[in-house]
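Structural overview for review
Residues per chain, in single letters:
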Amino acid sequence: MPQDNREPFGKMYQSAEDGGTVFIPARPRAGLGDQARILRVCAYCRVSTGNDEQLSSFELQQAHYKQLAKDKPNWDLKHIYADAGISGTSLKNRDAFNAMIAACENGEYDLIVTKQVSRFARNLVDCISLIRKLKNLEPPVGVLFETDNLNTLDKDSEFILAFLASFAQEESIKKREAMIWSLAQRFKDRRLLTPPLLGYDRQRDAAGSYIKYAPLIVNEDEARVVRFIFDAYLYGWTQADIAAFLTGIDCRTKTGSTKWNSSSIGYILSNASAKIGLRQKSLQQEGTGLVLFDFSARRLQMKKTTKVIAVCNQKGGVGKTVTTVNLGIGLARQGKRVLLVDVDPQGSLTASLGYHQPDRIETTLSTVLGKIVQQKPFDPAGYILHQEEGVDLLPANIDLAMVEMNLVGVMGRETVLREFLETVRRQYDYILLDCCPSLGTLTANALTAADEVIIPMLAHYLSIKGLEQLLATIGLVRRKFNPSLQISGILITMANMRTAYSRDIVALLRGNYGNKLRIFDTIIPESIRAAETSAEGKSIYLHDPSGKVSTAYNAFTLEVAS
């Protein structure tokens, strides 16, 4: 220790030996006890949805924080932030929360007040890192957790916070597991799920209370509206068109509102009870005399011109992404307007089109789906990238995996992607969906949104064995969500037709499935050139324009276009 630094300690010891008393004042601690200091305060709360009960909850929380600030003479309540509580453990889609943290970084607040740790963050790593980040600001920003009686500017607060954040994260995971189990049991027992269904009424007892699990009664007035929705959709109207029309004629929803949105239309269309009980009759067959709209007046206007194609196979490594890229760019070379959508959290399509670090892209498919689920307005053009070879791209990254988990508890979760595509459909001739190698919620969304499916397959025995499972999934989606879904055909990829094994597999495939499904005449040959295109971030037409793979994909494009 330098001599200059030892002198104060020497004087302190000397003073103690002489019988004197040395007073060492405590270091001033940033906290809530200094009444002379005015604290700039903001509050944060979370509400589940935008329904009336949750809006009432938000109003109560606002009143609470305003009263709390009045009771603290040195508090100056600047703002109350609120987010929808459907984001699970992720901070990605909590816009108000992220805006609050940014304001703290800009020096606008000294203190954040929130009810408890689980309201602030349900992820241990996020919670601790954010608290440290706020404490290290100049001046430091504290977080006051009311029910936990914890101020993060207090000594040892991080130790306690680590326990509370761990419990909050585990609680969120357990709630999700319990919700999935509950839904599975309800579906298994054929029990009614809330909210009430348009077209049905619940039975009441003599006291006027609902009879639990009693059979539903068809409400004929509402049933006419539901039949109209199905008829209009099958005739070619989009969900947005139906919602706009019903709003325009002041037709009432189940809650009595006259404002309809495409999400509610999508929920009605995807609801099995509505399909089974109400779709059997058409409006004209019923003979009620009620005509909501003359469909023939919009026959030409509503004719579908855009083709949405899902490139799908639950097996990985079969050439889905390479096929999506080269088919899309091949169609663009013919003058078609093409949108490619990456529906894979791995972001393979995004990387293959030259965006080699998809995790750094801020606005992706996960952002779009989050906006739709939360019913927030957005401009679709702001999320689409324009690739140099003439196609548009809606990218994806690892955030899409979290969105897939959060969709588990969302009503009409299989139709979320379709709802987005309806906002951009008329801008393109073709929309190609590059599906992930699984048969989960994302693949179900892609199949529900698609008009056709192209199935890339290797000339291998295991590929044929897995085909039956994929066909069963497509059949399930067709029955429940997308009756018009068709299989465009099977594309054999990466085939070495010089070997007897490949030729035998192709012959077996054509023999067993050729009379049921279209098997494209074009066979994509095995070549290292096709694999190199992903690393180059360009199509086979630029990478190897005169090669055999380029020739094959060009022929395949002509087959699809014809």
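No experiment lies behind these values; they were computed from the predicted model shown.

A word on the overall build of the protein chain
The helix and strand tally for the protein chain stands at 22 helices and 15 strands. Out of the 562 residues belonging to the protein chain, those deemed buried represent 47%. Sequence separation of 24 or more characterises 73% of the internal contacts of the protein chain that already satisfy a separation of 6 or more. Accessible surface, the protein chain as shown: approximately 28700 Å² in total, 52% of it carbon and sulfur.

So, the environment of M494
Relative to the helices and strands, M494 resides in strand β14 (residues 486-495). In this structure the C-alpha to C-alpha distance between M494 and I528, which are 34 residues apart in sequence, comes to 9.6 Å. Aside from chain neighbours lying at most four places away, what touches M494 is G317, V318, G319, L458, I524, P525 and E526.

Comments concerning the packing of aromatic side chains
Under the defined criterion, the tally for this structure stands at 4 aromatic pairs. Ring geometry for Y81 versus Y109: centroids 6.2 Å apart, planes at 85°, classification edge-to-face. Of this pair, Y81 sits in strand β2 (residues 75-84) while Y109 is found in the loop between α3 (95-105) and β3 (111-114), placing the two residues 28 residues apart along the sequence. Overall, Y109 belongs to the buried group, its relative accessible area being 5%.

Here we look at the sheet that holds β14
Spatially, 8 strands are ordered β10-β11-β9-β12-β8-β13-β14-β15 in an open sheet, and the strand pairing comes out mixed. Among the strands making up the open sheet, the edge pair consists of β10 (385-386) and β15 (519-525). Across 2 bridges, β10 lies against strand β11 (residues 392-394) in antiparallel orientation. Along β11, the bridge assignment pairs L385 with L393. Sheet strands touched by helix α18 (residues 461-480): β13 (452-458) and β14. Its angle to β13, the strand with the most contacts, is close to 170°.

Let's talk about the pairing of strand β12 (residues 430-435)
For β12, the tally of buried residues reaches 6 of 6 residues, placing the bulk of the element in the interior. Residues Y430, L432 and D434 line one face of β12 and the alternating positions I431, L433 and C435 line the opposite face, and both faces are buried. Here strand β9 (residues 338-343) pairs with β12 via 6 bridges, running parallel. Looking across to β12, one finds that L340 is bridged to L432.

A short note on the nonpolar core
Counting residues in hydrophobic clusters, the biggest one holds 55 residues, and the most contacted among them are V341, L417, L421, L433, I455 and L509. If sequence neighbours within four positions are ignored, L433 has contacts with V308, I309, A310, V311, V341, V343, L417, L421, A446 and A449. Judged by nonpolar contacts, the second largest core, of 27 residues, contains I309, V322, V338 and L491.

Observations concerning the state of the cysteines
In this structure the tally under the stated criterion is 0 disulfides. Take C104: it sits in no disulfide, and the sulfur closest to it among the cysteines is that of C42, at 5.0 Å. Given a relative accessible area of 2%, C104 falls into the buried group.

Remarks on the confidence of the model for the protein chain
Mean pLDDT for the protein chain: 78, with 78% of residues reaching 70 or above. Per-residue pLDDT, averaged within each element of the protein chain, yields its smallest value for helix α11 (residues 283-286) (36) and its largest for β12 (95). Low pLDDT, under 50, characterises residues 49-55; the predicted model gives this stretch 4 contacts beyond four residues in sequence or across chains.

Quick notes on α3
Where α3 is concerned, the buried positions are A96, F97, M100, I101, A103 and C104. One side of α3 holds all its buried residues, which, seen down the axis, span an arc of 160°.

Observations concerning the pattern of salt bridges
The final tally for this structure, using the stated rule, is 16 salt bridges. Of the charged contacts, one joins R224 and D221 as a salt bridge, the two residues approaching to 2.8 Å between their closest N and O atoms. Residue R224 and its partner D221 are both found in helix α7 (residues 220-235); the two are separated by 3 residues, about one turn of the helix. For E532, the salt bridge identified is with R529, shortest N-O distance 3.2 Å. Taken together, the residues span about one helical turn, with E532 and R529 both in helix α20 (residues 528-536) at a distance of 3 residues.

Observations concerning the pairing of β13
Buried residues dominate β13, accounting for 7 of its 7 residues. Examined bridge by bridge, strand β8 (residues 307-311) and β13 share 3 bridges and lie parallel to one another. Of the residues in β13, the one forming a bridge with I309 is E452. Of the pairings in the sheet, the one linking β13 to β14 comprises 7 bridges and is parallel in character. Bridging from a neighbouring strand, E452 pairs with Q486 of β14.

Conventions and cut-offs
Each chain carries its own residue numbering, running from 1 in the direction its sequence is written. Under the rules for a predicted model, residues below a pLDDT of 70 receive no local features and side-chain atom pairs below 80 are neither given nor counted, while totals for whole chains, interfaces and linings still include all residues. Processing note: side-chain calculations cover all non-hydrogen atoms of the structure and skip hydrogens and water entirely. Only runs of H or I of at least four residues qualify as helices and only runs of E of at least two qualify as strands under DSSP, and these elements are numbered from the N terminus. Whether a residue is buried, partly exposed or exposed follows from its accessible area with a 1.4 Å probe, protein chains only, as a fraction of its type maximum: under 20%, in between, or over 50%, in that order. Residue contacts follow a heavy-atom distance rule, with two residues in contact if any of their heavy atoms lie within 4.5 Å. The accessible surface values rely on the Shrake-Rupley method and a 1.4 Å probe; as for residues, cover is taken only from the protein chains in view. When two rings of Phe, Tyr or Trp (its six-membered ring) have centres within 6.5 Å they constitute a pair, described as stacked for plane angles under 30 degrees, edge-to-face for angles over 60, and tilted for the intermediate range. Two strands qualify as a pair provided that DSSP identifies no fewer than 2 bridges between them. To obtain each axis, a line is fitted to C-alpha atoms, and for helices this fit is confined to the stretch in contact; angles are then taken between N-to-C directions over 0 to 180 degrees. We define the nonpolar core as a collection of buried residues of types Ala, Val, Leu, Ile, Met, Phe, Trp, Tyr and Cys that are connected through side-chain atoms lying within 4.5 Å of one another. The term disulfide is used for any two cysteine sulfur atoms that are within 2.5 Å. A score from 0 to 100, pLDDT tells how confident the predictor is in each residue. Note that the arc is computed from the directions linking the helix axis to the C-beta atoms. What makes a salt bridge here is a side-chain nitrogen of Lys or Arg within 4 Å of a carboxyl oxygen of Asp or Glu, nothing more.

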